[in-house]
Amino acid sequence: QCQLSGLWRNDQGSLMEISVLRDNGDFQGQYLTRVTLSGGCAQISPLKGAQQQSREEGWPTFAFTVRWEKFSNATTAFVGQCFVDAGGKETLTTTWLLREAVGSLEDDWKATR
C-alpha cells in the first residue's frame, strides 16, 4: 500500500510534504516550488487534499490544491495516483492545472495552463 504522508520530490526539484493524513483520507501539508511564474525565489505554500479511500488493496488516487502564497496570484489543482514498484519504491504520478487571475473576461482564454 502506498503512503502519501511524508516528503516527496518531483523531477524539477520541487518538494511536497504531506504532514497530516486523516483517517477519512483528507490531508494537508506544504509545497515548496522551484518553478515560479514570476521567476522569483522558491516559496512555501499550503496544500490541502483528499485521498480516495480504497475498499481493497491497490494504488490510491488523490487530489489536492496549492494556493501559491506571497509570489503569485495563481492556484493549482493536482490529481494523481500513488504506485509502488517491485522494489518497494513509491511514486506519485500527477496531472495539474494552474489557474492564474486575469483582469477581464476577454483574457479568460489565457488564464489556465
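Each remark here, short or long, concerns the structure printed above.
From a predicted model like this one, the values you see are computed outputs, not experimental measurements.

K.L.:
Provide a residue-level description of the pairing of strand S5 (residues 61-67), including the pertinent values.
P.N.:
Walk down a regular strand and you will see the side chains alternate between the two sheet faces. What you see with S5 is a clean split: Phe62, Phe64 and Val66 sit on the buried side and Thr61, Ala63, Thr65 and Arg67 on the side with no burial. As paired elements, strand S4 (residues 44-51) and S5 share five bridges and run antiparallel to each other. When the sheet's bridge partners are listed, Ala50 is paired in S5 with Ala63. Across seven bridges, the pairing between S5 and strand S6 (residues 74-84) is antiparallel. By the bridge assignment, Ala63 is partnered in S6 with Val79.

K.L.:
Explain the nonpolar core residue by residue, including any values.
P.N.:
By size, the foremost hydrophobic cluster in this structure holds 16 residues, and its most contacted members are Met16, Phe27, Tyr31, Leu47, Phe64 and Val66. Those elements that provide at least two residues to this core are strand S2 (15-21), strand S3 (26-32), S5 and S6. Setting aside residues no more than four positions away along its own chain, Leu47 makes contact with Met16, Glu17, Phe27, Gln28, Gly29, Gln30, Tyr31, Phe64, Thr65 and Val66.

K.L.:
I'd like to hear about the sheet that holds S4, residue by residue, with values.
P.N.:
Spatially, the seven strands line up as an open sheet ordered S1-S2-S3-S4-S5-S6-S7, and their pairing is antiparallel. One side of each edge strand has no neighbouring strand; the edge strands of this open sheet are strand S1 (6-9) and strand S7 (90-100). Averaged over neighbouring strand pairs, the angle between their axes works out to 25 degrees when direction is ignored.

K.L.:
How would you explain the packing of aromatic side chains if you had to name every residue and give the values?
P.N.:
This structure, assessed with the given rule, holds five aromatic pairs. Consider the rings of Tyr31 and Phe78, whose centres lie 5.7 Å apart with planes at 25 degrees: the pair is stacked. Placement of Tyr31 in strand S3 and of Phe78 in strand S6 is noted, with a sequence separation of 47 residues between them. One aromatic cluster is present, formed by Phe27, Tyr31, Phe62, Phe64, Trp68 and Phe78 through successive ring pairs.

Procedures and definitions
Residues numbered from 1 in each chain as written. Predicted model: local features only at pLDDT ≥ 70, side-chain atom pairs only at ≥ 80, totals over all residues. Heavy atoms only, no water. Buried < 20%, exposed > 50% of the residue type's maximum accessible area, 1.4 Å probe, protein only. Helix = DSSP H or I, 4+ residues; strand = E, 2+ residues; numbered from the N terminus. Pairing = 2+ DSSP bridges. Core = buried A, V, L, I, M, F, W, Y, C linked by side-chain atoms within 4.5 Å. Contact = heavy atoms within 4.5 Å. Axes fitted to C-alpha atoms, helices over the stretch in contact; angles between N-to-C directions. Phe/Tyr/Trp six-rings, centres within 6.5 Å; stacked < 30°, edge-to-face > 60°.

Functional significance is not addressed by these values, which are geometric in nature.
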